[in-house]
Amino acid sequence: MQTADLDIRHYDRIYFLGIGGIGMSALALYCLQAGKRVDGYDRTETDLCRRLAAAGAQIHYTESPECVPADTQLVIYTPAIPADHREWPVVRALGVPVCKRAEVLGACTRPYGTLAVAGSHGKTTTSALLAYLLYETCGCCAFLGGVAKNYDRNFLYAPEAAWAVAEADEYDRSFLQLHPRYSIVTAMDADHLDIYGTVENMRSAYADFMRQTDFEHGGVIIKDAWRSYVPDVPVYRTYGLAPTDGTQVYARGLRVEAGAYRFDYVSPDLEIEDLTLTYPGRHNVENALAAITAALAAGLSAGDIRRLLPGFRGVKRRFDIQYKSASCLYVDDYAHHPDEIAVCLRALRELYPQRPIRVAFQPHLYSRTRDLAAAFAQSLRLADEVVLLDIYPARELPIPGVTARSIGDLIEGRPVHYASLADAFEVLTGLPPMPVLVTMGAGNIDTLVEPLRQYCERQS
């Protein structure tokens, strides 16, 4: 079967290999909403899995070929599932279509006017904000790479929606399965070099993604800093915090007032004065510029934007304030790329300039640690003290000589401590108190969040 021929409406019983991932679970919720029978495997029972089970999915947590339903009509899998997974022989013997998550996302969004958000960082917050703006006005379906705090969900559904918001993942060239009406590109920093080999190859894939935009009815919205890397791609709007020769959308009069960002939205054909964004970080003002531009293109009014923007609560694990008191601030963040770390720490410096910062970071992937160790070290130096956890391997096998110390040995002028996940809580709580604590990483460092939040409450 060609991917373009895939129509989810034709399948009544669907099996998910790796159902608990953030992208897979959104697709599973879509299928459940469409009345499908959903079964699946994941190695860990997460909160997302429990929500799926509550919605009607049948999920098991050990590799059990006998749990694959014999009447399965479609199998959806994530590339994180290893080739030696014990269920593969049974799945292949079914003789039914077996599709990657990205292929199914492309099929699910095809009937809609798709607003696809790509970028090495910023895409989840931008997608969530765009989805929030549309969902609260004209309605939309949304497949998000994080849990939107306004809804406590990573999937939104509106039965008669004309629009779909999709987070466009560059890993494994997944975003090439999407054909958006409008595409947003927030950043093209070096990442996933295990897939692309070189930064040039990665940016070429971004250009291919942008070329799949429906230029007749929509266009490309790209951060101005990246425009020169894709000179042959037509652009609908460029955006950035401040006006430059090429910036078409920018924030005028950006300032911080009472813990919120205030600014005017300025574009070639519209100005919206005195907007308020309560979600912290100047980088999130940039994300808001992109989301507002796409929302306006989808038909929202200036009044819609002004009314709704202050109510956006952000995304779980993106500058997610877990505890705040006069003496202690604890923030959890999904940052797993040097630039994401830097923008988070700079936002904290801007909002709390007099408070020392301790960051606990869990590197994600051996290959990313090897390729970006120096950049990680430079970003982490923005904190006053660093605790490095062991590398979270995800889909990878260890690379000889690559450990958390590959980063720590390059951090100059800052105390660096090391911990496994098992002893990280004891290490962090055994250090002298520091006014700001940040946990960062895309692995399982999030299991520390609740214990650390409770610890902060007890100490304040």
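These lines cover the structure that appears in this document, whether it is placed above or below.

Cut-offs and rules
- Each chain carries its own residue numbering, running from 1 in the direction its sequence is written.
- Two thresholds apply to this predicted model, a pLDDT of at least 70 for residue-level local features and 80 or more for giving and counting side-chain atom pairs, whereas whole-chain, interface and lining totals are computed over all residues.
- Excluded from the side-chain calculation are hydrogens and water; included are all heavy atoms of the structure.
- Lining residues are defined by having an atom within 4 Å of a point belonging to a cavity or pocket. Those points lie on a 1 Å grid over the protein atoms alone, cavities being sets where a 1.4 Å probe fits but cannot get out and pockets being open sets with protein on both sides within 12 Å along at least five of seven lines.
- Grid points are joined across faces, edges and corners, and a volume is the space filled by probe spheres set on the points.
- A run of DSSP states H or I qualifies as a helix once it reaches four residues; a run of E qualifies as a strand once it reaches two. Both are numbered from the N-terminal end.
- Gly counts as polar in this scheme, as do all residues outside two lists: the nonpolar Ala, Val, Leu, Ile, Met, Phe, Trp, Tyr, Cys and Pro, and the charged Asp, Glu, Lys and Arg.
- Axes here mean lines fitted to C-alpha atoms, for a helix over just the part in contact, with angles spanning 0 to 180 degrees between N-to-C directions.
- The cut-offs work like this: below 35 degrees is roughly parallel, past 145 is roughly antiparallel, 65 to 115 is roughly perpendicular, and the gaps in between are oblique.
- Here a crossing is taken to be left-handed if its near helix is turned anticlockwise relative to the far helix by less than a right angle, and right-handed if that turn runs clockwise.
- Two residues qualify as a contact provided that any one of their heavy atoms is within 4.5 Å of a heavy atom in the partner residue.
- Any two strands are treated as partners once DSSP identifies two or more bridges connecting them.

Tallying each qualifying case throughout the model produces two cavities of 30 Å³ or more. A volume near 40 Å³ is recorded for the second largest cavity. Taken together, Arg101, Ala102, Leu105, Glu167, Ala168, Asp169, Ser174, Phe175, Gln177 and Leu178 form the lining of the second largest cavity. Of all elements in the fold, only helix H4 (101–109) and strand E9 (163–168) reach the threshold of two or more residues within the lining of the second largest cavity. The element that contributes the greatest number of residues to the lining of the second largest cavity is H4, accounting for three residues. Taken together, the residues of the lining of the second largest cavity sort by class into five nonpolar, two polar and three charged.

Okay, the packing of helix H5 (residues 123–135) against helix H8 (residues 282–297) next. Interaxial distance between H5 and H8 falls to 9 Å at its minimum, and their mutual angle equals 40 degrees. Taken together, H5 and H8 sit at an angle that is classed as oblique. For the pair H5 and H8, the crossing hand works out as right-handed. Facing H5, whose interface residues are Thr125, Thr126, Leu129, Leu130, Leu133 and Leu134, H8 presents Asn284, Asn287, Ala288, Ala290, Ala291, Ile292, Ala294 and Ala295. Classifying every residue of the contact of H5 with H8 by side-chain character gives 10 nonpolar, four polar and no charged.

Moving on, we come to the sheet that holds strand E17 (residues 329–333). Pairing in this open sheet of six strands is mixed, and the strands run E16-E17-E21-E18-E19-E20 from one edge to the other. Among the strands making up the open sheet, the edge pair consists of strand E16 (320–324) and strand E20 (416–419). Averaged over all adjacent pairs, the angle separating strand axes in this sheet is 15 degrees, with direction ignored. Sheet strands touched by helix H10 (residues 338–351): E17, strand E18 (357–361) and strand E21 (436–440). Its angle to E21, the strand with the most contacts, is close to 165 degrees.

Functional significance is not addressed by these values, which are geometric in nature.
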